[in-house]
Amino acid sequence: MRGLEVTVVVLAAVLTMTWLARRLQWNEPVLLVAGGCLIGLTPDFHSLALPPEVVLLLFLPPLLYWESLTTSLREIRTNLRAIVLLGTGLVLATAAAVAAVGHALGLSWPLAWVLGAVVAPTDAIAVATVARELPRRVRTILRAESLINDGTALALYTVVVGVAVQQLAVSWSGTAVRFLIAYVGGAAIGSACAAVVVALRRRLRDRTVENALGVLTPFATYLPAQAVGVSGVLAVVTCGLVLSQAGPKVISAGARVQITCFWEVSTAILNSALFVLVGIQTPAIVSAIGSVSPGHAAITALLVSGVVIATRLLWLYSVPYLIRAVDRRPVQRTLRAGARQRFPLAWSGVRGAVSLAAVLAVPATTTAGRPLAGHGLLVLTAVTVILVTLVLQGTTMPAVIRWSGLHGDPDETTEERRAHRHIAAAAMEALPEHAERLQTPPKTAEAILSELRQYAAEDAEPLDDFGARAGLELRRALIGVKRGALIRLRDQRSIDDIVLRRLQLLLDLEEIRVELALRDFTDPPP
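Residues numbered from 1 in each chain as written. Predicted model: local features only at pLDDT ≥ 70, side-chain atom pairs only at ≥ 80, totals over all residues. Heavy atoms only, no water.

**Q** I keep staring at the overall build of the protein chain and nothing clicks. Help me out?
**A** On a plain count of helices and strands, the protein chain comes out with 23 helices and 0 strands. A total of 526 residues make up the protein chain; the buried ones form 52% of that total. Of all intrachain contacts in the protein chain linking residues separated by at least 6 positions in sequence, the fraction that spans at least 24 positions is 83%. Approximately 23,600 Å² of the protein chain is accessible, and the part contributed by carbon and sulfur atoms is 64%. (Helix = DSSP H or I, 4+ residues; strand = E, 2+ residues; numbered from the N terminus. Buried < 20%, exposed > 50% of the residue type's maximum accessible area, 1.4 Å probe, protein only. Contact = heavy atoms within 4.5 Å. Areas by Shrake-Rupley, 256 points an atom, 1.4 Å probe, with all protein chains shown as cover.)

The structure is reproduced here in C-alpha cells:
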C-alpha cells in the first residue's frame, strides 16, 4: 500500500482504539496493539514493512524530546542515584541476563547482546500511561529512568549491532570505549544544540518562527549526533532537559501556549501510532521466523520476557538494600521506601516504542551479504517482550498501585499554594514602582492591588473586563514580575518544574488576554 493510505488507516485506528479504550476504561496501549494486529491480518497490510530509519527519526526524537521537556529536573537531582542505577546499571544487567539466556537458547553471542540491548530500556510514554496515579517522586524516577535508559541501551545497541553485522569478535575493552564515546558524545551534542536554540530564541519575536524552531529542534539535534556515530537519543534528551530550564525565560507566552498544545497532540498521536504499528507487523513477524521451530521460538520469546521482568524485580529488591547498608546518611533515609511501596516501581518495566524501533532497525544481512542467522527469532522475541509487558504489567498496574497504598503527592498542592502567595507578594511589592512609571491612575492601581490580595488568598476569579488602557499596561508589567518570581522559586528548588508549568500556563493565558485587550485600544475601528 502507498504511504498516504497507510497513514490514513493508522490514524483512523488510533482514533477508534483510543476512543474505545477510554469509553470502556481499558488499557490504551494494549487495545491499540490488538487493533493493529487485526489490521495486520488483512492481505493489504500483511507484508507492510516500515523502514527502520523512519521509525528512529520520525518517532523517537519528538517523543523523547517532549518527555524530557516535561520532566521535573529538581526531582531528578533529588533522586539522581536511583535514576542512574536504573537507567544505566539495570539496563546493562538486563542486557547481560537476556544475552546469557539468548545464547543458551541458540543465538550467537553478538546477536544475543543485540537482543539484550533491544529489550533492556523501558518505554517513556507507556510508563507514563500506566503510572499516572503514582506520587510525583515515583513518576519522576520512572520517567527519568526511561529517558536515560533509552540512551544507555541504544548506545550499547549501536556497538553490538556493528559487531553482529560485521561478524567481528567481541572485544570488551573496545566495546566499553565505543559505548563511552557514544554516551558522552550524545550528551555533548545535545548541550551544544540547546545553547544554539536558546541563543536563537532570545532574538526571535515572531510566534510562527519560534514554534517552527521548536518543531525542528529534536530532529536537528538527533541527526548530527547520529551522523558522527554517537547517541542521538541522549542528545535529544540532554537538549530537552536543558531547554526545560531555559525555556521559561526565553519563550514568549503566545508561542509557549501554541507549541505546548502542538506537542501534546502530536506526541500522543505518534506514540499511539507506534503501538498500532507494533500490532500491524506482529502477524508478519510471527510467520517469518525462518528455520526455527514455532515451539522453540515461543519458548525463547517467553523465557526472555520472564528474564526481563525478573531481572527488574531482583534488581529493585537487592541493589537498593545493599546501598542502604552502606549509605546511612539522614538525607538518604528520607528517600527510602518499604518493600510494598517499592513494588509499583519494580513492576513498571513496560517496553514499547524504543524496543520496536531498535529491533526493526537491525539489518537482516551481514556486510558480506549473507543472511544474519537468528534475525527472525530476534525480532519475534523483542515483539513478544513488548506485548507481554504491555499486557501483563500494563493492565495490572492500577491494581498494583492500589495494593501498594501509594497515592498522589500532596507536596504539589502545597508548593502550588506557596507559589501563588509568593508571586502575588512580588507583584504587590513591585506595583507602586510600575504604577508610577506607567502613570496609572490611583483608583486603577488600588483595584489591581485588591485583585492581587485576592490572588494571594487564591480567591480571585478570572476577569471579563480588564478596564482601561492604563490598567492593562500595569497588569502586563506585573505579569512579568510574577513570571520572574515564579522562575526564581524554581531555580531555588522551592517548587519543581511541574508546578512551574502549571502556574506558568495561567500567567501565559492572562498575558494573552491582556495583549488582546490592548490591541482593541490600538487597532482602528473598521
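After that view of the structure, there is still more to cover.
**Q** Hey, could you run me through the nonpolar core in this one?
**A** The nonpolar side chains of a soluble globular protein tend to be buried with one another. One finds Val114 and Tyr157 to be the most contacted residues of the largest nonpolar core, which totals 99 residues. In terms of residues, this core owes the most to one element, helix α13 (residues 253–286), which gives 12 residues. Those residues in contact with tyrosine 157 that sit more than four places away from it in its chain are Val114, Ala117, Val118, Ala358, Ala361 and Val362. (Core = buried A, V, L, I, M, F, W, Y, C linked by side-chain atoms within 4.5 Å.)

**Q** Looking at this structure, how should I read helix α7 (residues 109–119)?
**A** In an α-helix, one full turn covers 3.6 residues, which means residues spaced three or four apart are oriented alike. Burial analysis of α7 places 10 of its 11 residues in the buried class, the great majority of the element. Restricting attention to buried positions, one finds in α7 the residues Pro110, Leu111, Ala112, Trp113, Val114, Leu115, Gly116, Ala117, Val118 and Val119.

**Q** Would you explain the side chain of aspartate 508 in this entry?
**A** Looking at the secondary structure, you find aspartate 508 in helix α23 (residues 497–522). You can call aspartate 508 buried: its relative accessible area is 1%. Contact partners of aspartate 508, with chain neighbours within four places excluded, come to Ala253, Arg256, Val257 and Arg483.

**Q** Quick question: what am I supposed to make of a nonpolar patch on the surface here?
**A** Residues Leu11, Val265 and Ile269 make up a contiguous nonpolar surface patch of about 240 Å² in total accessible area. Note on placement: valine 265 falls in helix α13. (Patch = residues over 30% accessible without salt bridge, like charges linked within 9 Å, V, L, I, M, F, W, Y side chains within 5 Å. Salt bridge = Lys/Arg side-chain N within 4 Å of Asp/Glu carboxyl O.)

**Q** How should the packing of helix α17 (residues 339–346) against helix α19 (residues 375–404) be read in this particular structure?
**A** When two helices pack together, their arrangement is given by the angle between the helix axes and the distance between those axes. Here α17 crosses α19 at 160°, and the two axes come no closer than 9 Å. When the interaxial angle is binned, α17 and α19 end up roughly antiparallel. Considering the relative orientation of α17 and α19, their crossing is left-handed. Facing α17, whose interface residues are Arg340, Gln341, Phe343, Pro344 and Ala346, α19 presents Gln393, Met397, Val400, Trp403 and Ser404. (Axes fitted to C-alpha atoms, helices over the stretch in contact; angles between N-to-C directions. Parallel < 35°, antiparallel > 145°, perpendicular 65-115°, else oblique. Left-handed = near helix turned anticlockwise from the far one by under 90°.)

**Q** So what exactly am I meant to see when it comes to the packing of aromatic side chains here?
**A** Given two aromatic rings, their pairing is described by the distance between the two centres and the angle made by the two planes. Enumeration over the complete set of coordinates arrives at 4 aromatic pairs. Relative to tryptophan 263, the ring of phenylalanine 262 has its centre 5.1 Å away and its plane inclined at 65°; by these criteria the two rings are edge-to-face. Taking relative accessible area as the criterion, phenylalanine 262 reaches 35% and is therefore assigned partly exposed. For the ring pair phenylalanine 343 and tryptophan 347, a centre distance of 5.6 Å and an interplane angle of 20° mean the geometry is stacked. A residue is classified by how much of its surface remains accessible, and phenylalanine 343, at 23% relative accessible area, is partly exposed. The class for tryptophan 347 is buried, based on a relative accessible area of 13%. An aromatic cluster is defined as three or more aromatic residues linked by ring pairs; in this entry it consists of Tyr65, Phe262 and Trp263. Geometry around tyrosine 321 places arginine 342 over its ring, the cationic atom sitting 5.2 Å from the centre. (Phe/Tyr/Trp six-rings, centres within 6.5 Å; stacked < 30°, edge-to-face > 60°. Lys NZ or Arg CZ within 6 Å of the ring centre and 35° of its normal.)

**Q** Explain the environment of arginine 519 here, please?
**A** Its location among the elements puts arginine 519 in helix α23. Residues arginine 519 and arginine 469, 50 residues apart in the sequence, show an inter-C-alpha distance of 9.8 Å.

**Q** Explain the side chain of arginine 351 to me, please; I cannot follow it from the model alone.
**A** Relative to the helices and strands, arginine 351 is located in the loop between α17 and α18 (353–360). At 2.8 Å, the side chain of arginine 351 forms a polar contact with the backbone oxygen of alanine 120. Separated by 3.5 Å, the side chain of arginine 351 and the backbone oxygen of proline 121 make a polar contact. (Polar contact = N/O pair within 3.5 Å; in protein donor to acceptor, adjacent residues only side chain to side chain.)

**Q** What exactly am I supposed to notice about the environment of aspartate 491 here?
**A** With respect to the helices and strands, the residue aspartate 491 is situated in helix α22 (residues 469–491). On the accessibility criterion, aspartate 491 (40% relative accessible area) is partly exposed.

**Q** Can you help me understand the pattern of salt bridges in this one?
**A** Pairing between side chains of opposite charge can happen when their charged atoms approach one another. With the rule as written, the count across this model stands at 16 salt bridges. In this structure, the salt-bridge partner of glutamate 145 is arginine 312, at a minimum N-O distance of 2.8 Å. Placement of glutamate 145 in helix α9 (residues 136–165) and of arginine 312 in helix α14 (residues 294–316) is noted, with a sequence separation of 167 residues between them. If you follow the salt bridges from partner to partner, you end up with Lys249, Arg490, Asp491 and Asp497 in one network.

**Q** Even after reading the chapter, I still don't get the state of the cysteines, so can you show me in this structure?
**A** In protein chemistry, a disulfide is the covalent bond that joins the sulfur atoms of two cysteines. Counted under the stated rule, the structure contains 0 disulfides. For cysteine 193, which is in no disulfide, the shortest distance to another cysteine sulfur is to cysteine 239 and amounts to 5.9 Å. (Disulfide = S-S within 2.5 Å.)

**Q** Quick question: what am I supposed to make of α14 here?
**A** Compared with the 33 Å implied by 1.5 Å per residue over 23 residues, the 34 Å span of α14 between its first and last C-alpha is a close match. Residues of α14 that are buried include every one of Ala297, Thr300, Ala301, Val304, Ser305, Val307, Val308, Ile309, Thr311, Arg312, Trp315 and Leu316, and no others. If you follow the buried residues of α14, they end up packed against α6 (80–104), α7, α9, α15 (319–326), α17 and α19. (Expected span 1.5 Å × (residues − 1).)

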